[in-house]
Structures are given as structure tokens and as C-alpha cells.
Amino acid sequence: MMHKTYEFVCQLPAQAASERIEGLLSKEGVKYRAANLSVASVRTPIAVVGIQPKLYSHSNWVGLNPFTFVSGVEVQCEQVDSGLTKVTVRVNRLRTFLWVAFWVACSLMAARRMPEPGGAILVIGVACAAWFGLASFLGGYLVKKEISDRLKDR
């Protein structure tokens, strides 16, 4: 659950795909190591305050850098038949889960002073919004989408 894996196929040769992924990670402020058509993050940017520039990106429609919400990314490119490349993306979402826990804890503290049904609705609503917004979307889907968009033929 903490690690999410995505697999897809692209039209580029494996070496070109790996180089494009390295370019994306560099642009988004991710420190990485690359070897044998594999790219693994060593350190992802951390943004705690909303005014930090590394939190924002022009690479997606949301405008947020999804790599600030994850603890790590590992991408493996493998050449398959007919010139296609199989790309496997593994996302470590530990940091995302910590943010979800933070927001749930904040909602619990606020709910303690609220009447019974309202407090429960607040906690459930914040937990669902944090899970779907942070863990599912920013910490998973958007990372995969940025990588797959970078690997489209240009």
C-alpha cells in the first residue's frame, strides 16, 4: 500500500526513455542516480510552506510538483519486442501518508470541540479528501502521468 507500482509501454527506445526521465527529475528538483536503464531518486524535494517555489510546476494542469509529495521514485526501462519499451514506475508514498496522517490529526483536534455528528463528519471528510487528494492523486496518479507524458513521442 505504501509503494505503488505502475507499468506502461512507450514508443521510444529504452535509452532515450531513460534520458527523458532523467531530464524530468532534474527539472523537478529530484536528486537521482541512473544505471542500466534504471533511474532511482536519492532525494526528493521537500516543501512545507506554500510559498516555496519547488512546490510548484508548469509540467501539469494542477500546477503542483508531485515529487514533493512522495519519498522516492524508481523507474526501470526495459526494451521489449518490436522496438517498444516497457516502463515500470515504483512510487514510495511514505511522505504522502505522513501528510494524510497530519491532516487527519488536525481534523481530530478540531472535531473534539464540535457536536457529535458534525465532528465525525469533519474527520471522515478530511480523511477522504486527504486520501484521495494526496495519496491517490498527487502521490500516485500525477507522478505516473508526468512520467508517461514525458515519454510520448515528440
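Please read these numbers as outputs of a predicted model, since none were measured by experiment.

### Observations regarding the overall build of the protein
A tally of regular secondary structure across the protein gives 3 helices and 5 strands. When the helices and strands of the protein are read in sequence order from the N terminus, they spell out β-α-β-β-β-β-α-α. Summarising its shape, the C-alpha atoms of the protein cover approximately 65 × 30 × 25 Å along the three principal directions. Each of the 154 residues in the protein was classed as buried or not, and the buried ones make up 40%. Taking contacts inside the protein between residues at least 6 apart in sequence as the whole, the part at least 24 apart equals 61%.

### Observations concerning the environment of A14
Position of A14 among the secondary structure elements: in helix 1 (residues 14–27). Separated by 68 residues in sequence, A14 and S82 place their C-alpha atoms 12 Å apart. Sequence-distant contacts of A14, that is, excluding residues within four places in its chain, are made with L37, C77, Q79 and T85.

### Structural notes on the packing of aromatic side chains
Taken as a whole and assessed by the stated rule, the structure comprises 5 aromatic pairs. A ring pair is formed by F97 and W131, whose centres lie 5.4 Å apart and whose planes are at 15 degrees; its orientation type is stacked. Of the two residues, F97 is situated in helix 2 (residues 94–111) and W131 in helix 3 (residues 116–150); the sequence distance between them amounts to 34 residues.

### Looking at the environment of S148
If you trace the backbone, S148 turns up in helix 3. A relative accessible area of 14% means that S148 is categorised as buried. Residues S148 and V89, spaced 59 residues apart in sequence, show a C-alpha to C-alpha distance of 9.7 Å.

Parameters at a glance
Residues numbered from 1 in each chain as written. Predicted model: local features only at pLDDT ≥ 70, side-chain atom pairs only at ≥ 80, totals over all residues. Heavy atoms only, no water. Helix = DSSP H or I, 4+ residues; strand = E, 2+ residues; numbered from the N terminus. Buried < 20%, exposed > 50% of the residue type's maximum accessible area, 1.4 Å probe, protein only. Contact = heavy atoms within 4.5 Å. Phe/Tyr/Trp six-rings, centres within 6.5 Å; stacked < 30°, edge-to-face > 60°.

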